[in-house]
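Each chain is listed here by its residues.
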Amino acid sequence: MRRLPLASFAIIGTMVFVAVFAPWLTPHSPIDQSLPNKLLPPFWEEGGTTEYLLGTDIFGRDLLTRLFYGARVSLIVTALALSVGGGVGLVLGIVSGYVGGKLDAFLMRVVDAAFAFPTILFALLLAVTMGQGMDTLVIALSLFLWAGFARVIRGEVLAIKQRDFVALARVHGSSPARIMFIHILPNVLNTFMVLLTLNVGVIIVAEASLSFLGAGVPPPTPSWGLMVAEGRGKITSAWWLSLIPGIAITLVVLSFNLFGDWLRDRLDPKLRQL
Amino acid sequence: MQRYILQRLVQGVILLVVVTSVVFFIGRMTGNPVDMMLPEDATEEDRQDMIERLELDGSVMDQFGVFIVDAVQGDLGTSIRYRQPATDIFFSRLPNTLAMIPPAMILAIAMAIPLGILSALRRGGIIDRISATIAVLGISTPNFWLGIVLIYLFSVTWGWLPSSRMGGPLNYIMPTVTLGTFLVAGFMRLIRSSMLETLDSEFVKLARIKGVSETAIVWKHCLRNALIPVLSLWGVFMGGLVTGAIVTETVFAWPGIGRLTYEAVIFRDYPLLQAVIIMDAIFILFINLLVDILYAYVDPRIRFE
Amino acid sequence: MDSAPVLEVRNLHTHFFLRRGVVKAVDGVTFSLKRGEVLGLVGESGCGKSLTALSILRLLPQEAARTVEGQVLLDGEDLLAKSAGEMREVRGQRIAMILQDPQTSLNPVFSIGNQLHEALARRPDERGRSLRERAVDVLRQVRLAAPEQRIGQYPHELSGGMKQRVVGAIAISCAPEVMIADEPTTALDVTIQLQYLNLLKELQTSLGMGILFITHDFGVVARMCDRVAVMYAGRIVETGPVREIFDNPVHPYTQALIASVPKLRDTAERLRAIEGQPPALSDLPVGCRFADRCPHAEPRCLEKYPEAVSVGENHTASCWLAA
């Protein structure tokens, strides 16, 4: 059995903390430009100051401040995408598994199709047609999520459906909706929780990738992926602009992944292959 | 077997029609794409001009009809930025992507199969632990950032490798590594878990009872069975490959389809993006068909379904 | 039937070494199998029957299980002393085995012919037939219909009974001296169980193999076996000729097992189940392991394990009542 990933907890906790309290933790604005202070290096490099601990970008904005606010964006987008995409997948998975028959066959075909075609292309398309924004991003990421949730939850429901308490509920004349959401739903919540945690890291990476490709939250709102993209051109002179936000993404995603693995082993070891 | 292939082919064509329609209607339902593409100071005249040029007049269904008729004839519209037929641009870029993907796939497979097998054979051993670490780092590191780190180290700091564009063999190293590591983690863990499952199976026990050597058990009896889940989850890897190619080509300014997709996004070149997605779909479905055939070859239960 | 034993197991101990302790799954098993004889190894599931078989072939579950003591003599040679390479020469060629579930014991991705060839190729054919011809012949021996077609087919195209015949064909393909059959009919439909048992009996007679027949079913024992060894909690508690054991079971556990076989004649009588549970193999008592469940247990049964004593011709039992 894995040990409790304490370092992961600490990193996730720190991220949530800075995201929530960002305005009180830093004197700088994440958006206002201050051109005289542009491209300052982190404090430990020559020319860096402790006022801008991790240096500034080409507009003179404090990198650390933008990281804090970027954490906000990441967490909000991830939470929304998981609620929408995961929620839709949960409901469709339960209905598909319980109702079965033609509906199930049809929904699983759609799921197969969703798997067969890379969702990133739709995400990019949405960004171009709807315009960049939080809403576009959440829709795009939800499109990415729902099919995987639906498939796993459906599999669980197929097994649960055979159990006696479902037959009993049916004998007692419970409506299908009642059976699905009062009797079956609680039994798939463990799996649902595991899927949620396993997908946090995936979604943060996907969000960062879309932002990097110019299909995320529009500038000047800080997003980690966007910060990497913006700093990329300055890699020869100002490495911190792209490398530091990347470190933040990797650490956070690593933590969520280790935490997700741990939770899966605790709650639902049979999901190991996911 | 022929029926199976035909069935897959029909499914592919249906999927293509669905993708094409979805791409088209997403473009129309979320507002007129012209508004997204015009600069903010464009006049009403510019707007009308563009609408005509892109054949966006008439009702949505009329537009769809025109679009489909053109598409079947191989005309997927004209790029706004390049002022050329989108399919021409696609095919001029395609060879560059096709040159990059095989080395990355080979790298991924060459790492994933031996590491997956060895970690399954010596569960909890050193190789298992190392590959578990590689796997979790691999899925946690966004590959656009990995590409930038590689550029920073090997081009900026040490000056060993060219940082971007195509050229000699050296230009291939970093993009190959970036795209390859993106795929390796998933492959490796999947092979490991399915190897563990087959090693534990009764037919492996029977093979041992027959006196089959351990080498033959691993490479003959287990590997082929372990590849089945890899092939059946191919779609997921395909998604990863496309995403990885877009990101990698963007980071390394590699003039392939991925970079073209990125350009279509940042220049808001809707007709080009639409065409690229549909062409991608055709390619993906073609490759999926090949994988389906390979799948049937590996797993006789599919072949005779 | 007084020929020399082809397989002798002496004082075999195979234990699982787990984090929570040592599980003594096979704890001092001794028996012998004569050439051309069918010996039934009978006991409840979990008593160590299958692990005994795997210990003989040295195919224990990796790492966790180890044979710590004892001898396995095949024609007088100790298999436990052989190298891994020598052991591979024994498996399949001199000792074959049939597993319980035909649905999972054939590799789904290779044809029947391919899986037979693997076994056949290990021994050159004295009559110079091709692998294919030999495969067809051996399938014919197990009475599989249309063997020429079968060799090109895959396991999923065959029924369970047919698959088990293929497994049987693999087992006899090198004309082994000993065949171990581990509940070979448990997973088959009732209607074809009998056919399969008849087939095994027939093969045994024609090939002169010794068969170690593992089962939990005394009904099958009566049909198949010459002698029986009854196993309980990792040890053999009673051995003897089938007739003798049926007519005159000495160990109370054997008596209970035989009593629990349903007989057509007295359907009115309730099926007698043995009450209680076998002892935990990680925490075995010092005395008789059946004492807890035994209707005749005495104080000495709890204090010391009864040694095997002769209770008749070729009939031994480990019970204080018999001593």
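Residues numbered from 1 in each chain as written. Chains lettered and ligands numbered in written order. Predicted model: local features only at pLDDT ≥ 70, side-chain atom pairs only at ≥ 80, totals over all residues. Heavy atoms only, no water.

**Focus on the side chain of Ser131 of chain B**
Moving on, step 1. Inspection of the secondary structure puts Ser131 of chain B in helix H6 (residues 126-140).
Moving on, step 2. Overall, Ser131 of chain B belongs to the buried group, its relative accessible area being 0%. (Helix = DSSP H or I, 4+ residues; strand = E, 2+ residues; numbered from the N terminus. Buried < 20%, exposed > 50% of the residue type's maximum accessible area, 1.4 Å probe, protein only.)

**Thoughts on the packing of aromatic side chains**
Moving on, step 1. This structure, assessed with the given rule, holds 26 aromatic pairs over all chains.
Moving on, step 2. With a centroid separation of 5.7 Å and 70° between ring planes, the pair formed by Phe149 of chain A and Phe192 of chain A is classed as edge-to-face. Note that Phe149 of chain A is positioned in helix H5 (residues 134-161) and Phe192 of chain A in helix H7 (residues 176-212), a separation of 43 residues in sequence.
Moving on, step 3. The exposure class of Phe149 of chain A is buried, given its relative accessible area of 1%.
Moving on, step 4. Ring centres of Phe218 of chain C and Phe246 of chain C lie 5.3 Å apart, and the angle between their planes is 90°; on these two criteria the pair is classed as edge-to-face. Placement of Phe218 of chain C in helix H9 (residues 218-224) and of Phe246 of chain C in helix H10 (residues 242-247) is noted, with a sequence separation of 28 residues between them.
Moving on, step 5. On the basis of relative accessibility, which here comes to 1%, the residue Phe218 of chain C falls in the buried class.
Moving on, step 6. Phe246 of chain C sits in the partly exposed class, given a relative accessible area of 23%.
Moving on, step 7. Each member of the aromatic cluster is reached from another via a ring pair, and the members are Phe24, Phe25, Phe64 and Phe67 of chain B.
Moving on, step 8. When the ring centre of Phe110 of chain C is taken as origin, the NZ or CZ atom of Lys220 of chain B, which lies over that ring, is 4.9 Å away.
Moving on, step 9. Stacked on the ring of Tyr297 of chain B, the Lys or Arg Arg224 of chain B has its end atom at 5.3 Å from the ring centre. (Phe/Tyr/Trp six-rings, centres within 6.5 Å; stacked < 30°, edge-to-face > 60°. Lys NZ or Arg CZ within 6 Å of the ring centre and 35° of its normal.)

**So, the side chain of Glu263 of chain B**
Residue and element names in this part refer to chain B.
Moving on, step 1. Topologically, Glu263 is positioned in helix H12 (residues 257-266).
Moving on, step 2. Overall, the relative accessible area of 11% leaves Glu263 in the buried class.
Moving on, step 3. Residues within four places of Glu263 in sequence aside, it is in contact with Tyr82 and Arg93. (Contact = heavy atoms within 4.5 Å.)

**Considerations on the sheet that holds strand E3 (residues 38-42) of chain C**
All names here are of chain C.
Moving on, step 1. The strand order across the open sheet built from eight strands is E6-E7-E8-E3-E9-E10-E12-E11, with neighbouring strands paired in mixed fashion. The strands lining the two open edges of the sheet, one partner per strand, are strand E6 (95-98) and strand E11 (309-312). Across the sheet, the axes of successive neighbouring strands diverge by a mean angle of 25°, strand direction being ignored.
Moving on, step 2. Across four bridges, the pairing between E3 and strand E9 (residues 227-232) is parallel. Each bridged residue has a counterpart across the sheet, and for Gly40 the counterpart in E9 is Val228.
Moving on, step 3. Packing against the sheet, helix H11 (residues 252-259) makes contact with E3, E9 and strand E10 (235-241), and its axis sits at approximately 110° to E9. (Pairing = 2+ DSSP bridges. Axes fitted to C-alpha atoms, helices over the stretch in contact; angles between N-to-C directions.)

**Considerations on the packing of helix H7 (residues 160-172) of chain C against helix H8 (residues 190-207) of chain C**
Residue and element names in this part refer to chain C.
Moving on, step 1. Look at H7 against H8: their axes get within 11 Å of each other, and the N-to-C directions meet at 15°. The angle between H7 and H8 places the two elements in the roughly parallel class. Crossing handedness for the pair H7 and H8: right-handed. Between H7 and H8, the residues in contact are Gly161, Gln164, Arg165, Gly168 and Ile172 and Ile192, Gln195, Tyr196, Leu199, Leu203 and Leu207, respectively.
Moving on, step 2. Residue classes in the contact of H7 with H8 are distributed as six nonpolar, four polar and one charged. (Parallel < 35°, antiparallel > 145°, perpendicular 65-115°, else oblique. Left-handed = near helix turned anticlockwise from the far one by under 90°. Nonpolar A, V, L, I, M, F, W, Y, C, P; charged D, E, K, R; others polar.)

**Observations concerning the domain arrangement of chain C**
Residues and elements named next belong to chain C.
Moving on, step 1. Looking at chain C, the domain boundaries give domain 1 (5-94 + 178-287) and domain 2 (110-175).
Moving on, step 2. With 16 residues of domain 1 at the contact, the number on the domain 2 side is 14 residues.
Moving on, step 3. Overall, the association of domain 1 and domain 2 removes approximately 1,300 Å² of surface from exposure, summing both partners, and the carbon and sulfur fraction of that is 51%.
Moving on, step 4. On the domain 1 side of the contact with domain 2, Gln93, Tyr196 and Leu199 bury the most area, a combined 40% of that side's loss.
Moving on, step 5. The interface formed by domain 1 and domain 2 includes two salt bridges.
Moving on, step 6. A salt bridge links Arg122 to Glu89; the nearest nitrogen and oxygen atoms lie 3.9 Å apart.
Moving on, step 7. Our count for the domain 1 to domain 2 interface comes out at six residue pairs in polar contact (both at pLDDT 80 or more).
Moving on, step 8. Listing elements by their share of the side of domain 1 that touches domain 2, those giving two or more residues are helix H2 (84-90) and H8.
Moving on, step 9. Here the side of domain 1 that touches domain 2 takes seven residues from H8, the largest share from any one element.
Moving on, step 10. Along the lines of polarity and charge, the residues of the side of domain 1 that touches domain 2 split into nine nonpolar, three polar and four charged. (Domains from an automatic or database assignment. Buried area = accessible area lost by both parts, 1.4 Å probe. Salt bridge = Lys/Arg side-chain N within 4 Å of Asp/Glu carboxyl O. Polar contact = N/O pair within 3.5 Å; in protein donor to acceptor, adjacent residues only side chain to side chain.)

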